[in-house]
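The residues making up each chain are set out below.
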There are 4 protein chains.
Amino acid sequence: MERSAENSKERILSAAEEVFAARGIDGARVDEIANQANINKRMLYHYFQSKEELYIAVLRANFEKVLAISSRPFNGTGNLKEQVATAIGNYFYFLAQNPHFARLMTWEALQGGVHARKVLPAIWEEGLERLKAILEQGMSQGVFRPDLDLRQLLTSINALCSYYFINKDILSTLWDIDPVQPDVLEKRLKHIRDLVLNYITRP
Amino acid sequence: MERSAENSKERILSAAEEVFAARGIDGARVDEIANQANINKRMLYHYFQSKEELYIAVLRANFEKVLAISSRPFNGTGNLKEQVATAIGNYFYFLAQNPHFARLMTWEALQGGVHARKVLPAIWEEGLERLKAILEQGMSQGVFRPDLDLRQLLTSINALCSYYFINKDILSTLWDIDPVQPDVLEKRLKHIRDLVLNYITRP
Amino acid sequence: MERSAENSKERILSAAEEVFAARGIDGARVDEIANQANINKRMLYHYFQSKEELYIAVLRANFEKVLAISSRPFNGTGNLKEQVATAIGNYFYFLAQNPHFARLMTWEALQGGVHARKVLPAIWEEGLERLKAILEQGMSQGVFRPDLDLRQLLTSINALCSYYFINKDILSTLWDIDPVQPDVLEKRLKHIRDLVLNYITRP
Amino acid sequence: MERSAENSKERILSAAEEVFAARGIDGARVDEIANQANINKRMLYHYFQSKEELYIAVLRANFEKVLAISSRPFNGTGNLKEQVATAIGNYFYFLAQNPHFARLMTWEALQGGVHARKVLPAIWEEGLERLKAILEQGMSQGVFRPDLDLRQLLTSINALCSYYFINKDILSTLWDIDPVQPDVLEKRLKHIRDLVLNYITRP
DNA sequence: GATGAATGAGAATTCATTCAT
DNA sequence: GATGAATGAATTCTCATTCAT
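Residues numbered from 1 in each chain as written. Chains lettered and ligands numbered in written order. Predicted model: local features only at pLDDT ≥ 70, side-chain atom pairs only at ≥ 80, totals over all residues. Heavy atoms only, no water.

**Comments concerning the relation of the copies chain B and chain A**
What relates the pair of chain copies is a rotation about an axis plus a shift along that axis.
So, step 1. At an RMSD of 0.1 Å, chain B and chain A line up after a rotation of 180° and a shift of 0.0 Å along the axis. Given the turn and translation reported, the copies of this chain are related as if by a two-fold rotation axis.
So, step 2. By residue overlap, the copies meet face to face through one surface: 100% of the interface positions of chain B are interface positions in chain A. (Least-squares fit on C-alpha atoms with pLDDT ≥ 70 in both. Contact = heavy atoms within 4.5 Å.)

**Looking at the interface of chain D and chain C**
So, step 1. Listed per partner, the contact involves 46 residues of chain D and 46 residues of chain C.
So, step 2. The junction of chain D with chain C conceals about 4600 Å² of combined surface from both sides, 60% of it contributed by carbon and sulfur atoms.
So, step 3. Where chain D touches chain C, the interface holds zero salt bridges.
So, step 4. Viewed at the interface, chain C and chain D are joined by 14 residue pairs in polar contact (both at pLDDT 80 or more).
So, step 5. Listing elements by their share of the side of chain D that touches chain C, those giving two or more residues are α1 (6–27), α6 (99–110), α9 (150–166), α10 (168–175) and α11 (182–201) of chain D.
So, step 6. A total of eleven residues in the side of chain D that touches chain C trace back to one element, the largest contributor, which is α9(D). (Buried area = accessible area lost by both parts, 1.4 Å probe. Salt bridge = Lys/Arg side-chain N within 4 Å of Asp/Glu carboxyl O. Polar contact = N/O pair within 3.5 Å; in protein donor to acceptor, adjacent residues only side chain to side chain. Helix = DSSP H or I, 4+ residues; strand = E, 2+ residues; numbered from the N terminus.)

**Considerations on the UniProt feature "DNA-binding region" (unreviewed entry) in chain A**
So, step 1. Within the UniProt annotation, "DNA-binding region" (unreviewed entry) is assigned to residues 29–48 of chain A.
So, step 2. For residues 29–48 of chain A, the end-to-end C-alpha separation is 15 Å, with 75% helix and 0% strand making up the annotated structure. (UniProt positions renumbered as here; feature names shortened; annotations may be inferred.)

**Quick look at the interface of chain B and chain A**
So, step 1. On the chain A side, the residues contacting the 46 residues of chain B number 46 residues.
So, step 2. Both faces considered, chain B and chain A share a buried interface measuring about 4600 Å² in area, 61% of it formed by carbon and sulfur atoms.
So, step 3. By the criterion of area lost to chain A, the three top residues of chain B are L110(B), Y163(B) and W175(B), representing 16% of everything that side buries.
So, step 4. Inspection of the region where chain B meets chain A yields 14 residue pairs in polar contact (both at pLDDT 80 or more).
So, step 5. When residues of the side of chain B that touches chain A are assigned to their parent elements, the largest contribution, eleven residues, is made by helix α9 (residues 150–166) of chain B.
So, step 6. Within the side of chain B that touches chain A, the residues separate by chemical class into 19 nonpolar, 14 polar and 13 charged. (Nonpolar A, V, L, I, M, F, W, Y, C, P; charged D, E, K, R; others polar.)

**Thoughts on the protein's contact with DNA strand F**
So, step 1. Near DNA strand F, the surroundings consist of 33 residues, among which K41(B), R42(B), Y45(B), K41(C) and R42(C) are the closest.
So, step 2. Restricting the count to atoms of DNA strand F within 4 Å of the protein gives a sugar and phosphate share of 58%.
So, step 3. Contact between DNA strand F and Y45(B): a phosphate oxygen at 2.6 Å from a side-chain N or O atom of the residue.
So, step 4. With respect to DNA strand F, the backbone of K51(B) contributes an N or O atom lying 3.0 Å from a phosphate oxygen.
So, step 5. Along the lines of polarity and charge, the residues of the surface near DNA strand F split into twelve nonpolar, eight polar and 13 charged. (Near = heavy atom within 4 Å.)

**Considerations on the relation of the copies chain D and chain C**
So, step 1. Mapping chain D onto chain C calls for a screw motion: a turn of 180° about the axis and a shift of 0.0 Å along it, with 0.1 Å RMSD after fitting.
So, step 2. Here 100% of the contact residues of chain D are again contact residues in chain C; the copies associate through an equivalent surface.

**Structural notes on the domain arrangement of chain A**
Residue and element names in this part refer to chain A.
So, step 1. Taken domain by domain, chain A consists of domain 1 (1–48) and domain 2 (52–201).
So, step 2. Computed over C-alpha atoms, the centres of domain 1 and domain 2 are 28 Å apart.
So, step 3. Of the residues lining the interface, 15 residues belong to domain 1; the matching set on domain 2 comes to 13 residues.
So, step 4. Between domain 1 and domain 2 the total buried area reaches about 1200 Å² when both faces are included, carbon and sulfur atoms providing 72% of it.
So, step 5. The three residues of domain 1 that bury the most area against domain 2 are E17, A21 and I25, which together make up 45% of that side's buried surface.
So, step 6. The interface formed by domain 1 and domain 2 includes one salt bridge.
So, step 7. In this structure, E17 engages K65 in a salt bridge whose closest nitrogen and oxygen atoms are separated by 3.7 Å.
So, step 8. Our enumeration of links across domain 1 and domain 2 arrives at seven residue pairs in polar contact (both at pLDDT 80 or more). (Domains from an automatic or database assignment.)

**A few points about the packing of helix α5 (residues 80–97) of chain C against helix α9 (residues 150–166) of chain C**
All names here are of chain C.
So, step 1. At a minimum axis distance of 10 Å, the contact between α5 and α9 shows a crossing angle of 25°. In this view, α5 runs roughly parallel relative to α9, as classed from their interaxial angle. As for the relative orientation of α5 and α9, their crossing is right-handed in sense. Residues I88, Y91, F92, L95 and A96 of α5 touch α9, and the partners they reach there are I157, N158, C161, S162, Y164 and F165.
So, step 2. Considered class by class, the residues forming the contact of α5 with α9 number nine nonpolar, two polar and no charged. (Axes fitted to C-alpha atoms, helices over the stretch in contact; angles between N-to-C directions. Parallel < 35°, antiparallel > 145°, perpendicular 65-115°, else oblique. Left-handed = near helix turned anticlockwise from the far one by under 90°.)

In structure tokens:
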């Protein structure tokens, strides 16, 4: 990892994300972040006013990451059912590949979203904005059941995906397999898709 | 301000549950617990060896609560579908009426279950043990689809229920209504039941 | 051990002696003393005003023990040389059989004798009072060298005896034998007697 | 009030030695050490993990001091008897000039050497290593009595020297003179030398 | 005499933050 | 930009002592 002056801020943010995701804001130690970023603690305070500011910066960066994902050209093809399946898969694998994201969101949720609120109030559902559009389209076209409550449904999809990653360690113990192994991931995704697609297509 | 000896420990446990559920083990302050329990901090250390021990005691008490629920006479009647609906409802309302439970479990989950592991390793699924039995029965009787993966399904039910309460504050902002109001709760439960029942009954 | 009311005070004193000898006044815990005495902590404060008072009471009791020894009929027979040997032996075995004594005296010594001073200022040499008398007799009779400095000599005898017991644990490690085993004790005593008698009898 | 970085650790160690020697590990207060070192308590924990670690560091430093003494060029001249006298004098004056040393060793001894053991197990006799060599030489040359038990003898010399300094305060009261005044010191040393030399040279 | 719970003052340890260079 | 030492305010934990019964 390069150590030129310019990327100091990046290194701090990245280390902070790691530590905050792992331990939450109260469990995180500024020292650990500085060590992991390979910078002097004083530099950390040069770039960020306080531990809390740094935490918020991490949240902001993560929100931007989802936004980027959710606004990038959609690779869903075929009919609307297939597009739902694709959108769910995209989200699921985004969470799998960005393990810090769901953890950060959950620490935040447990704290009532006090910090996240300072960044972007309505971000919570952003990652599923595309999916929402597809579902709305499907409802109006009669492909999906007309009585879908999108709030409930999007909440459920979020739950079905996030919960899995949040509880990874515990599931790992309970099931005695690694929940984030490729084939195990795929199995989980299939289950979520079945559950959701079955529901939205049957009146 | 009663001060009888026997309930001091209870008061401490109860205050600790409140504070740990609200802030997690790292965010909790022993002083706050002592104040809320209306005891001298010293007494807290008389009954519990350390903050961590107290936290574990809280976890243990909560585990026992679920166990008590899941092992009490089941009020499910009627056919297996109805029984599943009842079991989900029982669990959902248990979470609604014991708001600390899901929060404690989630703080724990985020920390990899390090403390919970010291109490009871396999407790995680305990609250849904009854439901599991019903589902197994339904599968063998051909009432439910035969290819149910119970691990996945129970995880999903847990997710659908817990996530809602964990994200209560955020949903409250997003939706601009109180998610734990009786009728809103009932709506959420209906959605979960639909999702699950639809899935398990269609091959 | 009997637990009738009357001997509570005795039990406390005895436990306190044990604990104070083992850990010193600062290392001792009132709780440990109470537990070991099998009484309620409150009783301890019934009999003794404070931890310090209790400690002083222990010192006093120990001083009385030496006084009793040093004033009891002397079993020294034969000539003065033999009497010196006997007196040294008596003192040495007193220390061996009352392991708390030398330890208490040494904790006190390290603390400048602040507490002991409150009990009996001149007690320090009491245990060797008899020996002093014999030595004086021997000097005037010309049996011992006439230039003996009794202060120095008594201090030395005290040192030669006490030091051994105080450093018991360390000698045990260094020598890899138990320093208070009967034959090892006897060897030490012989050495001390040789050293002293050789000195006092040669001009 | 200089504040250069390098000597902070030294100042802490030096203050700690002072306080630990004066009050023992249980009687010592971290606050007092910090004050005396003129640093913030926090720095103390920056350099040393805990009070116990600091105490062990003090022991280590003191052990190194004796080692340095005992391994420096010996200024003993003349015949073996004179060399013994010199070696005893060196040790005696080392203790006189390093009053913390004997005190630290004695606090340790009373606690069974639990902490010292972590530093250097066999250090206890180190300060008299040189003397031991001379005595061995003298025995084989027939200058000293052939039946010397060096363990006993070295223990005795240690006792005769250390005990004096450990009991300084009490002797001061008993004798009504200052035991560490130069001429009083010299008198004590003379006595010890007489005692020992008389013993080792007479069969 | 006896008990167990309770307490306030204090002691060790930790942490985010800032100063001097 | 960068550094390492320094700090004050908490925070956890401990202890001798006392109260209510």
